[in-house]
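# Chain and residue survey
One letter stands for each residue in the lines below.
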Amino acid sequence: MKIIKCLGICLLAVLASVGFGSCSSDDEYSSRLRELILKDMTFETSEEEGPLSRTTSFRNEDLTNYRATPDASWCHVSIDVSKSQMTVSVDENNSYGERVSVVTMTDVKAPEISRTFKVTQKQNNVIMVSPNNFEVKTDGGEFSFEFEYNVNDYEIECDEDWVAVQTNRTRALSKKTIYFSVKENVSGSPRRAVITISSESTYDPIYVTIYQEYVKKEFFNLLKDYFEVDELGGNVSINAQTNKTMFDIWKPADSWAQLGELESFTELNAITQHVNVAPFTDKVASRTTSMYIDEYQVTITQYRNLYIKESGISMLRQETSQLSIYRSDDFDVKWSSSDESVAKVDANGLVTGVGAGTAMITVTSSNGRYEDIIPVTIEKPEDLRDYLNVEWQPYFDGNEVESLACTLNNDSKYNIQLTKCEIYSDLKMLSYSDYNDKSGALKAGDSKKATFDNLKGKGSKFGFTVVWYYLFNGEKFTYRCEYMP
């Protein structure tokens, strides 16, 4: 009985030991999820660019209680407990943007413990163009096409320099407008250019083809539409570039400019129309005319650089006259006379009459290029009788004249010199008065009075005759006047 009791006690002790041991194992469970090495993963877009699954081995780790849950449907995670491995796979990325899924690992026996890692899949690189063919007119112009892309290493090139492309860059998939300009086609035939858009991130380049027609276009380009000529006149050459065989030319509006020869240079697509400009002698600073060639107006202006403002002058011997000039610049001039026995001119253009006749007065620029000539006529002085008149003042003794005063009025614009005044009756000189340089000076607009006394009994039925003697411009003249009582 003692033995049985002893075995019973031992069995209970063993059972108790087993029971206690089991309870102690559950209470001491410790998750190793925190110790796992989890790394973020990056995948390519498709299998053509790289594998779309990746397996991670956790040596001697019990993964029985672990669960892995991605937050995106394109990402898949499986755990092989028998091999202590976790496999992550992704679907092919058909979108044009990079995508990211967060994978959460939890321990079902310790749900308060979790770990995460990221699964990233690269974008699907693409370049798309619409449209990719253009037909362009001869004149060229500005054009554009839609350009979608999500790569930053693209290059845009054109195989012809008559197409210029403007580009912008971005990273994400964007729609941009690409502008390009096409020059006018003057090559003489249709032509073709190709814009190539390429990137190392995509497989095949994109081509945009430009076809430009050629239609022969008539043109007429005037190289210059304004011309200046000096008073000497000469030839004006109007040059134009044109491929026209027919065009209109209108003659200048003024006769001093006449159409000359028309030269044509077919191989150069050029013409030259000559215009002959006559010398300019009018006493004005300039004159202008216009003409038309094709649709262009051409203006020709002719300038005078030097001229005498007076057209010609007449003067008497010993008189002076100051000539005035116009000059385009303050250059020096020289004066000269063709006959100094008729007229002289000094360095300032002051002309002095010397003798009767006509002389040509010339002014010349210091460089000898420009000159003007006018005639100066020195006239022989004429009697001023039309500008002289007298007033009488008689004094009577009874019916006879005792004294007679005669006042001479000089209504001319000239000064004269009186030399003598005589009084006659019946052709007999009764008395006279002499004048010297001072007493006989009679200026323009002035008067001089001569008084004759003791005339009683000397008059006749014809009255008295008074004769004035005077000098005008070196010549001798007389002025006769009659008085009837």
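What counts, and at which threshold
Residues numbered from 1 in each chain as written. Predicted model: local features only at pLDDT ≥ 70, side-chain atom pairs only at ≥ 80, totals over all residues. Heavy atoms only, no water. Patch = residues over 30% accessible without salt bridge, like charges linked within 9 Å, V, L, I, M, F, W, Y side chains within 5 Å. Areas by Shrake-Rupley, 256 points an atom, 1.4 Å probe, with all protein chains shown as cover. Salt bridge = Lys/Arg side-chain N within 4 Å of Asp/Glu carboxyl O. Lys, Arg positive; Asp, Glu negative; His and termini not counted. Charge placed at Lys NZ, Arg CZ, Asp CG, Glu CD. Helix = DSSP H or I, 4+ residues; strand = E, 2+ residues; numbered from the N terminus. Buried < 20%, exposed > 50% of the residue type's maximum accessible area, 1.4 Å probe, protein only. Pairing = 2+ DSSP bridges. Axes fitted to C-alpha atoms, helices over the stretch in contact; angles between N-to-C directions. Phe/Tyr/Trp six-rings, centres within 6.5 Å; stacked < 30°, edge-to-face > 60°. Contact = heavy atoms within 4.5 Å. pLDDT = per-residue confidence, 0-100. Core = buried A, V, L, I, M, F, W, Y, C linked by side-chain atoms within 4.5 Å.

On to a negative patch on the surface, then. A cluster of acidic side chains, namely Glu47, Glu48, Glu49 and Glu92, defines a negative patch on the protein surface. As for its placement among the helices and strands, Glu49 is situated in the loop between strand 1 (41-43) and strand 2 (53-57). Residue Glu49 is classed as partly exposed on the basis of its relative accessible area of 34%.

As a further point, take the sheet that holds strand 31 (residues 371-379). What the 4 strands build is an open sheet, ordered 24-31-30-27; its pairing is mixed. Lying at the two open borders of the sheet, with one neighbouring strand each, are strand 24 (313-316) and strand 27 (333-337). Direction aside, neighbouring strands of the sheet carry axes that sit 25 degrees apart on average. Pairing of strand 30 (residues 357-365) with strand 31 involves 8 bridges; the strand directions are antiparallel. Bridging across to strand 31, Thr358 finds its partner in Thr377.

With that out of the way, let us pick up the packing of aromatic side chains. The full count for this structure, using the stated rule, is 13 aromatic pairs. An angle of 50 degrees between the planes, with centres 6.2 Å apart, marks the rings of Phe134 and Phe145 as tilted. Of the two residues, Phe134 is situated in strand 9 (residues 133-136) and Phe145 in strand 10 (residues 141-149); the sequence distance between them amounts to 11 residues. Owing to a relative accessible area of 12%, Phe134 belongs among the buried residues under this scheme. Exposure remark for Phe145: the relative accessible area of 2% places this residue in the buried category. By way of ring pairs, the aromatic residues Phe134, Phe143, Phe145 and Phe180 are connected into one cluster.

To continue, consider the environment of Ala278. Relative to the helices and strands, Ala278 is located in the loop between strand 20 (270-277) and strand 21 (286-293). Exposure remark for Ala278: the relative accessible area of 30% places this residue in the partly exposed category. Distance from Ala278 to Ser101, taken between C-alpha atoms, is 94 Å for residues 177 residues apart in sequence. In this structure, Ala278 is in contact with Gly233, Trp256, Arg287 and Gln302, ignoring residues within four places of it in sequence.

For the rest of this paragraph, the subject is the pattern of salt bridges. Considering all chains together, one arrives at 11 salt bridges under this definition. In this structure, Arg32 engages Glu61 in a salt bridge whose closest nitrogen and oxygen atoms are separated by 2.6 Å. Residue Arg32 is found in the loop between helix 1 (2-27) and strand 1, and its partner Glu61 is found in the loop between strand 2 and strand 3 (66-70); the two are separated by 29 residues along the sequence. What makes Glu61 buried here is its relative accessible area of 12%. For Asp372, the salt bridge goes to Arg304, with nearest N and O atoms at 3.8 Å. One end of the pair, Asp372, is in strand 31; the other, Arg304, is in the loop between strand 22 (296-303) and strand 23 (306-308), with 68 residues separating them in the sequence. Judged by its relative accessible area of 9%, Asp372 is buried. Look at Arg304 and you get buried, because its relative accessible area is 3%. Connected via shared salt-bridge partners are Lys283, Arg304 and Asp372.

Moving on: the sheet that holds strand 18 (residues 234-242). The strands that make up a sheet pair up through hydrogen bonds in the backbone, lying either parallel or antiparallel. As summarised here, the arrangement of the 4 strands in space is 16-18-20-19, forming an open sheet in which the pairing is antiparallel. Looking at the sheet topology across the chains shown, the edges are occupied by strand 16 (220-222) and strand 19 (257-265). Adjacent strand axes in the sheet meet at a mean angle of 25 degrees, parallel and antiparallel pairs treated alike. Alignment of strand 16 against strand 18, held across 3 bridges, turns out to be antiparallel. Residue pairing across strands places Asn221 opposite Gln241, the latter belonging to strand 18.

What follows is about the confidence of the model for the protein. Here the protein shows a mean pLDDT of 87. Residues at 70 or above account for 92%. The low-confidence segment residues 1-25 (pLDDT under 50) makes 0 contacts with residues lying over four places distant or belonging to another chain.

The next subject is the environment of Val354. Its location among the elements puts Val354 in the loop between strand 29 (350-353) and strand 30. Sequence-distant contacts of Val354, defined by excluding residues within four places in its chain, comprise Arg317, Glu340, Ser341, Val342, Ala343, Lys344 and Ile378.

A separate point is the pairing of strand 39 (residues 475-483). If a strand is regular, its side chains alternate between the two faces of the sheet. Examined bridge by bridge, strand 38 (residues 464-472) and strand 39 share 9 bridges and lie antiparallel to one another. Bridge pairing in strand 39 places Tyr470 opposite Phe477. Linkage of strand 38 to strand 39, two consecutive antiparallel strands, is achieved through a turn of 2 residues, within which Asn473 is found at a positive phi near 55 degrees.

It is worth spelling out unusual backbone geometry at this point. Excluding glycine, most residues fall at negative phi; most peptide bonds, likewise, are trans. Positive phi, close to 60 degrees, is recorded for Asn60, a residue that is not glycine. Its location among the elements puts Asn60 in the loop between strand 2 and strand 3. With relative accessibility at 75%, the residue Asn60 sits in the exposed group. The backbone of Leu427 sits at a positive phi, close to 65 degrees, despite the residue not being glycine. Structurally, Leu427 is set in the loop between strand 34 (416-425) and strand 35 (428-434).

We now examine the nonpolar core. With 25 residues, the main nonpolar core has Ile416, Leu418, Val466, Trp468 and Tyr470 as its most contacted residues. Residue assignment for this core shows that the elements contributing at least two residues are strand 33 (400-410), strand 34, strand 37 (447-452), strand 38 and strand 39. Among the elements that make up this core, the one with the highest residue count is strand 38 (5 residues). Of all hydrophobic cores here, the second largest spans 23 residues; its members include Leu63, Val103, Phe117 and Val119.

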